[in-house]
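Chain and residue survey
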Amino acid sequence: MIHARRVHEEIVSDPRRYEPVATDLVRRARRSGPPEALALALRAQAWGRRARFAAAEAKRLLDEAATVARTHRLEHVLAQVLMTRSVVHQELGNMAGASRDLDHARSIVGPDEAVELAFQRAVLDQNLGRLAPAADAYRDLLDGDGLSPRLRVVAGNNLAMIESQHGRHADALRLALDARRAAPGVGPAHVAMVSETQAWVTVHAGRLSEGIRLFDEAARAHEAAGLPLGEHYVEYADALIDLRLIPEAAGAAQAAADEFAQHGVPLMGAEAELRVAQLALLAGDPDRAEEAAAVAARSFDRQGRRAWKARAALVRVEARLQAGTTAGADLRDVRRICRTLEQQGTWAYAVDAYVIAGRVAARLGRRKDAVALWERAAGLARKSPVLVRMRGSVAGANAAALRADDTGVLAYCRKGLSDLARHRTALPSVELRVLASGHGAELGQLGLEVMVRGGSAPRALVWMERTRAAALLAVEPPGGADVDGLDALRDLHAELESATTGGDRQLAPPEPLVARQKTIEDRIRRASWRRRAAAQAVISPIRPARLRSALGGRVLVEYANLKGDLVAVVVEPRRSRLVRLGPVAGVLSQMRTLFFALRRMTQDLPESSLAAARLGADSRVARLRAMLLAPLGLPPDAELVVVPVGQLHGIPWSALWDQPVSLAPSAGMWARTAAAAFPLSARRGRAGSGRRAAAVGPTVLVEGPSLPGATTEVLRLRELYPSATALSPPESTSAEVLRRLDGAGLVHLACHGWLRADNPHFSSLVLSDGPLTVQELHTSGVAPHRLVLASCQSGADVAYAGDEVVGFISSLLARGTAGVVASVAAVPDVAAVDLMYALHQRLAEGHTLARALHAARSDLDIESPANYVNWCTFSSYGAA
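Before going into details, it helps to say that this report is about the structure given with it. The shown structure was predicted, so the numbers you read here are calculated from the model rather than taken from an experiment.

1. Focus on the pattern of salt bridges
Once the charged atoms of two side chains with opposite charge are near each other, the side chains can pair. In total, this model carries 66 salt bridges according to the counting rule given. Beyond isolated ion pairs, a larger network of salt bridges with shared partners links Glu19, Arg49, Arg52, Glu57 and Arg60.

2. Considerations on the packing of helix α21 (residues 386-402) against helix α22 (residues 406-425)
It is the contact of α21 with α22, at a shortest axis distance of 8 Å, that shows an interaxial angle of 165 degrees. Considering their axes alone, α21 and α22 lie roughly antiparallel with respect to each other. Where α21 crosses over α22, the handedness of that crossing is left-handed. Where α21 approaches α22, its residues Val386, Leu387, Arg389, Met390, Ser393, Gly396, Ala397, Ala400 and Ala401 are matched on the opposing element by Gly408, Val409, Tyr412, Cys413, Lys415, Gly416, Asp419, Leu420 and His423. A breakdown of the residues in the contact of α21 with α22 according to their chemical character gives 10 nonpolar, 5 polar and 3 charged.

3. Details of the packing of helix α7 (residues 114-128) against helix α9 (residues 149-165)
Relative orientation of the contacting elements α7 and α9 amounts to 25 degrees, with a least axis distance of 11 Å. Between α7 and α9, the angle falls in the class roughly parallel. For the pair α7 and α9, the sense of crossing is left-handed. Contact with α7, carried on its side by Val115, Glu116, Phe119, Val123 and Gln126, involves Arg150, Leu151, Val154, Ala155, Asn158, Met161 and Ile162 of α9 and no other residues of that element. Considered class by class, the residues forming the contact of α7 with α9 number 8 nonpolar, 2 polar and 2 charged.

4. Brief notes about the packing of aromatic side chains
Tallying each qualifying case throughout the model produces 6 aromatic pairs. Here Phe119 and Tyr138 contribute two aromatic rings whose centre-to-centre distance is 6.2 Å and whose plane-to-plane angle is 55 degrees, an arrangement assigned as tilted. Separated by 19 residues along the polypeptide, Phe119 in helix α7 and Tyr138 in helix α8 (residues 131-143) bring together distant segments of the chain. Of the two residues examined, Phe119 and Tyr138, each falls in the buried class.

5. Side note on the environment of Ala630
As for its position among the elements, Ala630 is in the loop between α30 (607-628) and β6 (640-643). According to the relative accessible area criterion, Ala630 is exposed, its value standing at 53%. Remark: the alpha-carbon pair of Ala630 and Leu605, spanning 25 residues in sequence, is separated by 34 Å.

6. Things to note about the pairing of strand β14 (residues 786-790)
A large share of β14 lies buried, amounting to 5 of its 5 residues. Sheet analysis places strand β10 (residues 746-750) next to β14, joined by 5 bridges and oriented parallel. Paired with Val747 across the strands is Leu787, a residue of β14. Both β14 and strand β17 (residues 819-823) contribute to a ladder of 3 bridges, which runs parallel.

7. Some details on the nonpolar core
If you look at the biggest cluster of nonpolar residues, it comprises 144 residues, and the most contacted ones within it are Phe119, Tyr138, Leu240, Phe260, Leu547, Leu556 and Trp670. No other element matches the 10 residues that helix α19 (residues 347-363) contributes to this core. Setting aside residues up to four positions removed in sequence, Leu547 forms contacts with Leu461, Ile542, Leu556, Val571 and Ala667. Counting residues in each nonpolar core, the second largest holds 105 residues, with Val621, Leu640, Trp657 and Tyr721 among its members.

So, how was this worked out
- Residues numbered from 1 in each chain as written.
- Predicted model: local features only at pLDDT ≥ 70, side-chain atom pairs only at ≥ 80, totals over all residues.
- Heavy atoms only, no water.
- Salt bridge = Lys/Arg side-chain N within 4 Å of Asp/Glu carboxyl O.
- Axes fitted to C-alpha atoms, helices over the stretch in contact; angles between N-to-C directions.
- Helix = DSSP H or I, 4+ residues; strand = E, 2+ residues; numbered from the N terminus.
- Parallel < 35°, antiparallel > 145°, perpendicular 65-115°, else oblique.
- Left-handed = near helix turned anticlockwise from the far one by under 90°.
- Contact = heavy atoms within 4.5 Å.
- Nonpolar A, V, L, I, M, F, W, Y, C, P; charged D, E, K, R; others polar.
- Phe/Tyr/Trp six-rings, centres within 6.5 Å; stacked < 30°, edge-to-face > 60°.
- Buried < 20%, exposed > 50% of the residue type's maximum accessible area, 1.4 Å probe, protein only.
- Pairing = 2+ DSSP bridges.
- Core = buried A, V, L, I, M, F, W, Y, C linked by side-chain atoms within 4.5 Å.

What follows is the structure, encoded as structure tokens:
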């Protein structure tokens, strides 16, 4: 009997270690032990089953234990069994059964078990959403005497979660830290539980990167304790949602839902299903979101969890809003949801509810109601963590817009975007910073609408620059790369290349190799998420007067997408203009058709097919010119600097204008490259007119593998640069190329390039030992002064929400490279040699990349399909 009591305490703390002991004890007690020992042994065995999510089996064991205790009138044992069974009832979604067990236990419990009973009642209140009485009970327990170390850890842990939900983040963090320090003295199961809570409250306090590191520790603690990861996946999904890592969050939420469904744990299963619904909504699938939210709402309803049911109902309303099927009943429902969540004191959830309620009212034409609901959201969010404050700013800006209060719109937008800038610089990787900018996309649009309506080109430009490539302004220090992961990725590349090469045909990669590739890439990404962010100053947008000086007589055109329509700001030497253009959809349609024609021109097709493709390409180039540049009324001899927006980064801009063109992710970044290219002129307040300052640093020529044109290209370029360092296979490895790039004045890379539109951080240049990725280039910190990328799609940066771009160009310019030449499409290998040689001839004469490329393109015989493709798709980036 003494053994049975001790085993229960031990199995609660370390179920993997002591479950076999409990199972053996039950066997012995059935055979020869006293009834009290059997009931207690069954209770211990049940807890072990419960820890492995076998809740139904745990209940069966506890039912037997309760029967043994009743039969033999063991009331003190029955009270203990009933309290344990209440926990299992809750996990099975039977809140009424849990309450009955606790009520029965209260009538028979002895003084030694009264503290345990008070604790279990608080747990039930917390799971039902009665957070205030649960918090009061936990505080009383923590302030009182007689609380065991185990219960002290769990009570502090649970109170931390409630304090976090109520917005008292400092208290939540303190309680979680205290529980984390005490947990090792209790056992590994408690270390895992408290590690999870500490990560969760850290994320909800707005410290996302630290929270991600803590979640990794929590996962390891769960594995060390032999515990399932379902609950970890649910709470980890919350962190990933805040980081806008939507596919990863969806995977975690679905894994949790599947695990809880498999093991029959409705309590957590409903919470997992709610996350699945939220993520379907974020992925743009309102039908799936409404279906999953309905499942969750029914489960919460059966469990009597009113606040959780309100959150599920909110997702259903938002799904109908997204699908365009909002009705008057939705407004009544969402108002009720707002009241429920506000009464709970769960401010973050209440803010979301009021934001959605305002959108429903606005969609229904109830402007006055929408303003009131949005203003309530803004008020509740005022003292919340940064992401909640930003949602409040969105609500406030929308309310001001409905009141026709432009000053109020801009005030809320500036506040929200300033919060975003501080939040973004606290994140440890460029990937997370780029994704974070999506939080500010609506604020950017609301402010831009006011600026465009006001008609001031300088003010519109400053606003556009506020959100343009903002994630690239903060650059983390070099280092922190997962070297082993990168080596594994290069090894896998060789396997993939071998598996996909079949004579003249390119084969699909085998699924196991693709799965391994994703695993390795995820490992590399996670290593970058765990880095500690270096504090960075938030750089203010460049002002038009300073920009005009940097342009040195060039004309800048910066595009923006305002609710599906293009607008452009034109900065000329003596004036700035704001021009409204047409719908962006028409431009993208022409762009897709152009690239289809260009791809056909790189293929071995009959002359008639090539001629038709050329005719189509010419037509689309002319149409794009007419849509994007002709309406601007530019001087025909102007040298252009173009700052595209979104997918317009992929347009072959050089083909649309008959003078030199340089591109950049933002006007501010172009000005930074001008300062690097013309340091003396920049100090005098103006950039050079076309000749660049002499670059300090060696010239490096790199030949990649399996490209006959690259071999010829490097040999010919050595004639121009006899003192250059030349790297050819097998010496042109990633490590050697990175070493040579660091501090180089001019680098030419002739190699295969691969665009990864699904994850541009793993777009790559193929070198002798495998891929050199954007991610590796960025973390290495190398930034040659000028770089020519004679590689397919090396200039095809991928656009993200919030006016961000990711790719080789943006990464290099952010790190300090002053100029790059690259192609946005496939490069005909051998045909590129003449273009590259002509380009370098002009560079050797002292021209900028933009002017050198323009002159080299002018020399091409574009009657050749391959030459036409290269003429069309190579562009210059930056000022050097």
